Amino acid sequence: MVKVPAKYTNVYIGLVIATGLMAVVQSIAYSGLSFTWRFAAYFLLALFSSGLKVSLPGVTGTMSVSYIFILTGVAELTEGQTFMLGLTSALVQIYWKAKKRPKIHQVLFNLAVIAVAMRVSHAAFQSPIALTLGGSLPVKLLLATMGYFLANTFPIACAISLTERRSLPVIWKECYFWAFPYYLLAATIVGIINWVNINLGWQFSLLALPVAWVLFRSYRLYIGRLEAEKEHVEQMNGLHIRTIEALTLAIEAKDHTTHDHLRRVQHYALEIGKEVGLTGPDLDALHAASLLHDIGKLAVPEHIISKPGKLTPQEFEKMKIHPLVGAEILEQVNFPYPVAPIVKAHHEKWDGNGYPCGLKGEEIPIGARILSAVDCLDALASDRQYRRALPLDQAMEVVKSESGKSYDPKIVEILARRYRQLEEEAVRLNTGTRLSVNAKVDRGKAPAAGFEANAPEEQGGTYMSQIAAAGREAQHTLELVTELGNSLSMSETLSVLSSRLTQLIPCDSIAVYQCKDEKLTPVYVDGPDRMLFSSLKIPYGEGLSGWVAKHNKAILNGNPSVEPGYLNDPTKFSLLRSALAVPLSGGRGIVGVLTMYRADADAFNRDHLRILSGITAKIGLSFENALKFQALEASATTDYLTGLNNTRSLFERLNHEISQCKRQELPLTVMVCDLDGFKQVNDRFGHNAGNRVLQVFAKGLEKVIREHDVTARFGGDEFVIVFPGMKAESVSDKIRLISNLATEAGLEVCGETITAASVGVSSFPDEGATPDELLAEADRKMYAYKKARKQRALNLPEAELPVLTLQ
């Protein structure tokens, strides 16, 4: 039975009851009522089975297995007998163990639905269509069952749709369609009963009662599983909403003015969304977007967000990224409804003059149109750093003046009609949790390392403004400075430096040069031109980096092509057009130079120079300590982490193998292998995990190579393998095995496919006669392949892939 309130549905209920009454009268008048023992047996079975009922999922209603005997009556009894059987069993189902006593209009509605369903079923059983299709009992039962199912479930679904304002097809599909196979099974049981009656006598049909009980138990199990799944989904939805609210708290921690703002915007937006007809996923998406639309502000510097005045053009350009960044963040969440498009478009304008995409009119998602108007009204009516709040009525007048220009006129009309009511409701509902960002913690008198000497006292707004402006930058800087001291290894120290520094200052290539014997020698280079810069020997005072080392001064946006040995060699070519170089000082003066390169001209600015200058002292000391450790380690021939040959040992072994192959006129192949995704391992799982990936990969190489092959860790995540006596064309299988090994190493340590291999090979003597030449050529091919694969991933025109390089 379904609960059908009179409101909004009186006419519909009256029509259904009238139709049901007509069906009863016609049936009794047509066939009358008569008593037989067969009817009495079926009648009792139907009454008993009507008590075997289950609650329907998603609605307030029940379903029993009495329809088995109603369909039996359609096939075996007169229409009047069937109506008596069906209506009586329906009354038992309604009142038997009812959780709440039903009202009279509910009882009449449900009896009318059963009456109409039986009338339709009888008509289908005896219809000309059944005769046209052969007139056999299975055809008649199939048509009667389909008619009964549709006439029984569809009117009830209509009542629920009218009462709860939900989609009729969705209600029918979710709440009733699942039972259709059971009705078909009932038709099969009725066919069996009919056969038993003909061949054995109707008395044997009493054995159908256990079948009805089994069907009821099947119902119970299926409904129980549905309820368990529903409960699980509700739990997941609850977790989803709590996650959204946690993200909202993160936004509030960034911008304290948005606490009440987000709550009010949420209430306004949801109420207007309901009025314009949003339901289901669209309304859920608006719910999430109303809370998360400002999450992109996490990427905007705090000094811009908290600025107590108008923004400069440059600051506004930075502020305009927050819809894009917000959408990109939320795309990673994989919401089951379209949240990211709403967040991305919530600053678009009706006339097309908004940002970031310049959408206009109905090109803008309806959720974004609602959110933009509501967001503006609340922002105008709230205190902000750069102005006081406007009275709510005055703020509404400003929004109305932008109707048809910035905002959808339909949304503005609804908002103007309801804003006072919505504001009162929002004030009552706004009981959200605030973060303790202004709490004072009494315990803890000083940090373990003590306070900074001569620390300035707090001076109100100026001091706080400086802290806010430097907050985001200070966080990355602190992480960099902290991690620099965690290792004495040169490769580890400079790898951490490169990884962390490029988060602060984007670049295409980075190089660290050591000052030694009046020259700058590269000890770490990362980027596409790695081998090119690795081969440089820069005299003091010459070129860009040499000038920085000699004069102990930084250079902003210098020309990389002036480095000695770079421009004048036609074989060395790069697209890099600007450089930022700073000297690195240790305890005994200049120990090196850090240079960052970009492909764009004038790509670095003074903020980049300021950031880098502020941490060069720490970088210089860490670099000097790593140099000392390297000097102690230089006498060793084994890489401390992987157990493979180190760089020094590699060159010794490679020189030896080249000499042997030259004397014996044998080929030799050099393979350079780089672990793609290794930076992600370090960033996401930590450097210990990165070390384990390298160790697993190195151990796996022992199973891939021959006993007399040479393997070495070339630095960082790069490995070199030397195959004496083997031509380059013969290492394809080795490349494939090594590529699989790289993927498996990341999977074993991190639990996901995060690493892959880029491989380049060179051959002796065709592509080089010395270790430097062979390594440089293999490295060039490896980076060419890596670049081509990235272009392929971005759907850009691919460069030709190097020969014998696989992923």
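Position numbers for residues start from 1 in each chain and track the written sequence from start to end. Local features in a predicted model are, by the rule used here, given only for residues with pLDDT of at least 70; side-chain atom pairs are given and counted only at 80 or more, and totals for whole chains, interfaces and linings are based on all residues. Side-chain measures were taken over the full set of non-hydrogen atoms in the model, leaving aside hydrogen atoms and water.

Within the protein chain one finds 29 helices and 12 strands. Throughout, exposure labels follow a simple rule: accessible area from a 1.4 Å probe, protein chains only, divided by the maximum for the residue type, with under 20% read as buried, over 50% as exposed, and the rest as partly exposed. Evaluated residue by residue, the protein chain yields a buried proportion of 47% over its 807 residues. In the structure as shown, the protein chain presents an accessible area of about 40,500 Å², 57% of it carried by carbon and sulfur atoms. Each helix is a run of H or I in the DSSP string that is no shorter than four residues. Each strand is a run of E no shorter than two, and both are numbered from the N terminus. Residue exposure ignores everything except the shown protein chains as possible cover, and the areas themselves are Shrake-Rupley values with a 1.4 Å probe.

Across the chain, each position has a pLDDT score giving the predictor's confidence in that residue, from 0 to 100. Counting all residues, the mean pLDDT for the protein chain is 77, and 76% of those residues have values of 70 or more. Under a pLDDT of 50 for its full length, residues 1-6 has, in the predicted model, 27 contacts with residues more than four places off or in other chains. Here residues 798-807 is modelled with pLDDT under 50, and outside its nearest four sequence neighbours on either side it reaches 34 contacts, counting other chains as well. The contact criterion used throughout is that any non-hydrogen atoms of two residues lie within 4.5 Å.

A few words now on unusual backbone geometry. The omega angle of the peptide bond from Y355 to P356 is 10°, so this bond is cis rather than trans. Structurally, the position occupied by P356 is in the loop between α16 (340-344) and α17 (366-380). At the junction of F764 and P765, the peptide bond is cis and its omega measures out at 5° in the coordinates. Assignment of secondary structure puts P765 in the loop between β12 (756-764) and α29 (771-793). Even without a glycine there, the phi angle at D517 is positive, about 55°. Here D517 lies in the loop between β3 (509-516) and β4 (519-526). A relative accessible area of 66% means that D517 is categorised as exposed. Of note in the backbone geometry, N557 takes a positive phi value of approximately 60° without being a glycine. Among the structural elements, N557 can be located in strand β6 (residues 555-558). N557 sits in the partly exposed class, given a relative accessible area of 21%.

Before going further, it helps to spend a moment on empty space enclosed by the protein. To locate leftover empty space, one rolls a probe as large as a water molecule over the atoms. Method remark: on a 1 Å grid restricted to protein atoms, a set of points is classed as a cavity if a 1.4 Å probe fits but cannot get out and as a pocket if it is open with protein on both sides within 12 Å along at least five of seven lines; lining residues have an atom within 4 Å of a point. Grid points are joined across faces, edges and corners, and a volume is the space filled by probe spheres set on the points. In this structure the tally under the stated criterion is 2 cavities of 30 Å³ or more. As a volume, the second largest cavity reaches approximately 60 Å³. In this structure, the second largest cavity is lined by S491, E492, S495, F678, N682, H687, G690, N691, L694, R713 and G716. Per-element tally for the lining of the second largest cavity: the top contributor is helix α27 (residues 687-704), with 4 residues. When residues are grouped by polarity, Ala, Val, Leu, Ile, Met, Phe, Trp, Tyr, Cys and Pro land in nonpolar, Asp, Glu, Lys and Arg in charged, and all others, Gly among them, in polar. Taken together, the residues of the lining of the second largest cavity sort by class into 2 nonpolar, 7 polar and 2 charged.

Another aspect to go through is helix α25 (residues 647-664). One fewer than the residue count of a helix, multiplied by 1.5 Å, yields its expected span. In this model α25 runs 26 Å from its N-terminal to its C-terminal C-alpha over 18 residues, within 8% of the 26 Å that 1.5 Å per residue would give. Within α25, burial applies to S649, L650, L654, E657, I658 and C661. All buried residues of α25 fall inside an arc of 160° around its axis, so they share one side. Turned more than 90 degrees away from the buried face of α25, the exposed residues are K662 and R663. The arc in question is the one traced by the directions running from the helix axis out to the C-beta atoms.

This part is about the nonpolar core. We define a nonpolar core as any set of buried Ala, Val, Leu, Ile, Met, Phe, Trp, Tyr and Cys residues linked to one another through side-chain atoms lying within 4.5 Å. One finds F83, L85, L87, F109, M118, Y148 and Y176 to be the most contacted residues of the largest nonpolar core, which totals 51 residues. The set of elements that each furnish at least two residues to this core consists of α1 (10-31), α2 (37-50), α3 (67-76), α4 (79-95), α5 (104-125), α7 (137-164), α8 (168-175) and α9 (180-199). Core analysis: the second largest hydrophobic core is formed by 44 residues, L286, V339, A340 and I370 among them.

A cluster of nonpolar residues, L142, M146 and L184, forms a patch on the protein surface that exposes about 220 Å² of accessible area. Looking at the secondary structure, you find L142 in helix α7. Here a patch means residues that are over 30% exposed by relative accessible area and free of salt bridges, tied together within 9 Å if like-charged and within 5 Å if nonpolar (Val, Leu, Ile, Met, Phe, Trp, Tyr). Note on definitions: salt bridges are taken to be side-chain nitrogens of Lys or Arg within 4 Å of carboxyl oxygens of Asp or Glu.

Being paired, for any two strands, means DSSP has found at least two bridges between them. Pairing within the open sheet is antiparallel, and its 4 strands lie in the order β10-β11-β9-β12. Of all the strands in the sheet, the pair left with one neighbour each is β10 (710-715) and β12. Pairwise comparison of adjacent strand axes, ignoring direction, gives a mean angle of 20° for this sheet. Bridging between β10 and strand β11 (residues 718-724) involves 5 bridges; their strand directions are antiparallel. Paired with V710 across the bridge in β11 is V722. Between N-to-C directions, angles cover 0 to 180 degrees, with each direction set by a line fitted to C-alpha atoms, over the stretch in contact for helices. The strands touched by α25 within the sheet are β9 (668-676), β10, β11 and β12, with β10 carrying the most contacts at an inclination of about 140°. Across the sheet, α27 lies against β9, β10 and β11, angled at about 10° from β11, the strand it touches most.

Closest axis-to-axis distance for the helix α26 (residues 678-685)/α27 pair is 6 Å, and the angle between their directions is 140°. On α27, the residues that touch F678, V681, N682 and F685 of α26 are H687, A689, G690, V693 and L694. Considering only residue class, the contact of α26 with α27 consists of 6 nonpolar, 3 polar and no charged.

Along the chain, D779 turns up in helix α29. For D779, a relative accessible area of 2% corresponds to the buried category. Dropping the residues within four chain positions of it, D779 is found in contact with R530, M531, V672 and E718.

With that out of the way, let us pick up the sheet that holds β6. Strand order in this open sheet of 6 strands is β5-β4-β3-β8-β7-β6, and the pairing throughout is antiparallel. Taken across any chain shown, the strands that pair with only one partner, and hence form the sheet edges, are β5 (538-539) and β6. Pairing geometry for β6 and strand β7 (residues 578-586), over 3 bridges, is antiparallel. Residue pairing across strands places I555 opposite A581, the latter belonging to β7. Along the sheet, helix α21 (residues 490-504) contacts β3, β4 and β8 (589-598); its crossing angle with β4, the most-contacted strand, is approximately 65°. The strands touched by helix α23 (residues 543-551) are β3, β4, β5, β6, β7 and β8; relative to β8, the strand with the most contacts, the crossing angle is about 145°.

This part covers the pattern of salt bridges. Enumeration over the complete set of coordinates arrives at 22 salt bridges. The partner of E275 in a salt bridge is R418, with the nearest N and O atoms 2.8 Å apart. Of the two residues, E275 sits in helix α11 (residues 258-275) while R418 sits in helix α19 (residues 409-429), which places them 143 residues apart along the sequence. R684 serves as the salt-bridge partner of E752, at 2.9 Å between the closest nitrogen and oxygen. Residue E752 is located in the loop between α28 (732-750) and β12, and its partner R684 is located in helix α26; the two are separated by 68 residues in the primary sequence. With a relative accessible area of 29%, E752 lands in the partly exposed category. Its relative accessible area of 49% is what places R684 among the partly exposed residues. Within this structure, E271, K274, E275, E413, R417 and R418 form a network of salt bridges that share partners.

Another aspect to go through is the environment of L185. Relative to the helices and strands, L185 is located in helix α9. A residue is classified by how much of its surface remains accessible, and L185, at 40% relative accessible area, is partly exposed.

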